[in-house]
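# Working through the structure, step by step
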Amino acid sequence: MKKGNSEELIFLVPVCKHNIWGGVKLREEFGYPVEGNDIGECWGISAHPEGDGTVRDGRYQGRKLSELWEGHPELFGHLQYDRYPLLTKIIDAQDDLSIQVHPDDAYAKEHENGSLGKTECWYIMGCKEDATIVIGHNAKDEAELKEMVAQGRWQELIREIPIHKGDFIQIDPGTVHAIKADTLILETQQNSAITYRLYDYGRLQNGKPRELHIDKSLDVITVPAKSARDSVESISNLLENQLNQIYSCEKYTVFKLDVNGNAAFGQSYPFLAASVLEGTGQVDGKEVHKGDHFMIPFGYGNVEMKGSMSLILSTVER
Ligand code: ZN
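We now turn to the structure provided with this report. (Residues numbered from 1 in each chain as written. Predicted model: local features only at pLDDT ≥ 70, side-chain atom pairs only at ≥ 80, totals over all residues. Heavy atoms only, no water.)

Next up on the list: the overall build of the protein. Along the protein, the regular secondary structure elements total 6 helices and 22 strands. In terms of overall size, the protein behaves like a compact globule, its C-alpha atoms giving a radius of gyration of 20 Å where 318 residues would be expected to give roughly 20 Å. With the principal axes as the frame, the protein shows a C-alpha extent of 65 × 40 × 35 Å. When the 318 residues of the protein are sorted by exposure, 54% land in the buried category. For the protein, the share of sequence-separated contacts (at least 6 apart) that also reach a separation of at least 24 residues comes to 73%. Charge separation in the protein, taken as the distance between the mean sites of 33 positive and 49 negative side-chain charges, equals 2 Å. (Helix = DSSP H or I, 4+ residues; strand = E, 2+ residues; numbered from the N terminus. Rg over C-alpha atoms; globule rule 2.2 N^0.38 Å. Buried < 20%, exposed > 50% of the residue type's maximum accessible area, 1.4 Å probe, protein only. Contact = heavy atoms within 4.5 Å. Lys, Arg positive; Asp, Glu negative; His and termini not counted. Charge placed at Lys NZ, Arg CZ, Asp CG, Glu CD.)

Quick look at the coordination of the zinc ion now. Put simply, a metal with four donors set out as a tetrahedron has ideal angles of 109.5 degrees, and one with six donors set out as an octahedron has ideal angles of 90 or 180 degrees. Donor atoms from the polypeptide that bind the zinc ion are His102 (NE2), Glu120 (OE), Glu120 (OE) and His177 (NE2), placed at 2.0 to 2.7 Å. One can describe the site at the zinc ion as irregular: its 4 donor atoms subtend angles covering 52 to 130° at the metal. On the primary sequence, the residues serving as donors to the zinc ion are separated as H-x17-E-x56-H. Of the two residues, His102 is situated in the loop between β8 (99–101) and α3 (105–111) and Glu120 in strand β9 (residues 120–127); the sequence distance between them amounts to 18 residues. The same class applies to His102 and to Glu120, which are both buried. (Donors = N, O, S within 2.8 Å, 3.2 Å for Na, K, Ca; no water. Tetrahedral: all angles 85-135°; square planar, octahedral: opposite > 155°, others 65-115°.)

Attention now moves to the pattern of salt bridges. Taken as a whole, this structure holds 23 salt bridges when the rule is applied. Residue Arg56 pairs with Asp57 through a salt bridge whose shortest N-O separation is 3.2 Å. The partly exposed category is assigned to Arg56, whose relative accessible area is 32%. Overall, the relative accessible area of 23% leaves Asp57 in the partly exposed class. The salt bridge involving Lys118 is made with Glu120; its shortest N-O contact spans 3.4 Å. (Salt bridge = Lys/Arg side-chain N within 4 Å of Asp/Glu carboxyl O.)

So, about unusual backbone geometry. Each neighbour pair has its own omega, and for Val223 with Pro224 the value is -10°, a cis peptide bond. With respect to the helices and strands, the residue Pro224 is situated in the loop between α6 (214–220) and β16 (233–234). Within the chain, Tyr201 stands out as a residue other than glycine whose phi angle is a positive 60°. Within the secondary structure, Tyr201 is located in the loop between β15 (196–199) and α6.

So, about the environment of Pro224. Taking the relative accessible area as the measure of exposure, Pro224 reaches 52% and is therefore exposed. Along the chain, Pro224 and Ser308 lie 84 residues apart, while their C-alpha atoms are 43 Å from each other. Residue contacts for Pro224: discarding those within four places in its chain leaves His137, Ala139 and Lys140.

It is worth spelling out the sheet that holds β16 at this point. Here 7 strands make up an open sheet; going across it, the order is β2-β3-β7-β14-β9-β12-β16 and the pairing antiparallel. Of all the strands in the sheet, just β2 (15–23) and β16 have a single pairing partner and so form its edges. Sheet topology places β9 next to strand β14 (residues 183–190); 7 bridges connect them, and they run antiparallel. By the bridge assignment, Cys121 is partnered in β14 with Thr188. (Pairing = 2+ DSSP bridges.)

Moving on to the environment of Asp52. In this structure, Asp52 sits in strand β5 (residues 51–52). Here the alpha-carbon distance between Asp52 and Pro33, two residues 19 residues apart in the chain, equals 16 Å. Here Ser66 takes part through its side chain, which lies 2.4 Å from a polar atom of the side chain of Asp52. (Polar contact = N/O pair within 3.5 Å; in protein donor to acceptor, adjacent residues only side chain to side chain.)

Okay, helix α4 (residues 142–150) next. Inspection of α4 places Glu144, Leu145, Met148 and Val149 among the buried residues, and these make up the whole buried set. The buried side chains of α4 occupy one side of the element, clustering within an arc of 130° when seen end-on. Opposite the buried face of α4, at more than 90 degrees from it, the exposed residues are Ala143 and Ala150. Looking at the packing, one finds that the buried side of α4 touches α5 (154–157), β15 and α6. (Arc of directions from axis to C-beta.)

This part is about the pairing of strand β17 (residues 244–248). As judged from the 4 bridges shared by β17 and strand β18 (residues 253–267), these two strands associate in the antiparallel manner. Residue pairing for β18: Gln245 is matched across the bridge by Phe255. Hairpin geometry of β17 and β18 is characterised by an intervening segment of 4 residues between the two adjacent antiparallel strands.

Okay, structure coming up:
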């Protein structure tokens, strides 16, 4: 059902990734057609060279998201960015991830060949009871941080915080962080893959430890860390059938939309990158279900959704 829109919804075929900490959920629960029992990440809306999504159908079928960005800037409201700015992932961790930290844009530009830094955020789609996540650290100043790292006092240094389904976590550059086993998240991040590994629990891969990046980590870790209380926010009591802004920073704005019946809103942003977390429904007459990722382009106009489903959507500032 079109309402005079000249633009159409752009569904993407995600790129799935194999990771030693991955599992089978992304295939078995979300239906992504990928072999293996080590699927850790679904890059749902990505124009990154390491996982550039392909348009599934319609006018732009077969084109890469990066090609649309280059060749059809009107779909993104002619944004003044040098690349598609975001990357949306679903991450299924069946094992603890290594403990990491990301640089900001300035550090990455200087030390990582002009890459963007990485600000990211997580919406907890599912986790076990009594789950925790690693966010921040317990060092009071630079000297103590360096000492704890040099002496391998990881238990003391690493800070773990309880999490629940529906929590939202903003991870600014410089924040020590890691997902623990049995956690499913929707990640919205800058379009970057620059990660410094601080600690890997002493694990071995093919008989040897994975590379750590201690010096770069120490360069970028924020000391002291943001308080534990300010690190995790519970997203609840949102109004149904409307676009609820749950977070906004310089790098992105994130919305949650819980459709129960009918929802309608105007697409007034440069673009909206949408991911269906749960349920099924329709978007302007097109069937969608859990695991679908699509772009609502600039100038699309009014969006009508029906059904019973939850979505996370994101965009950037002009
Ligand atoms: Zn990260």
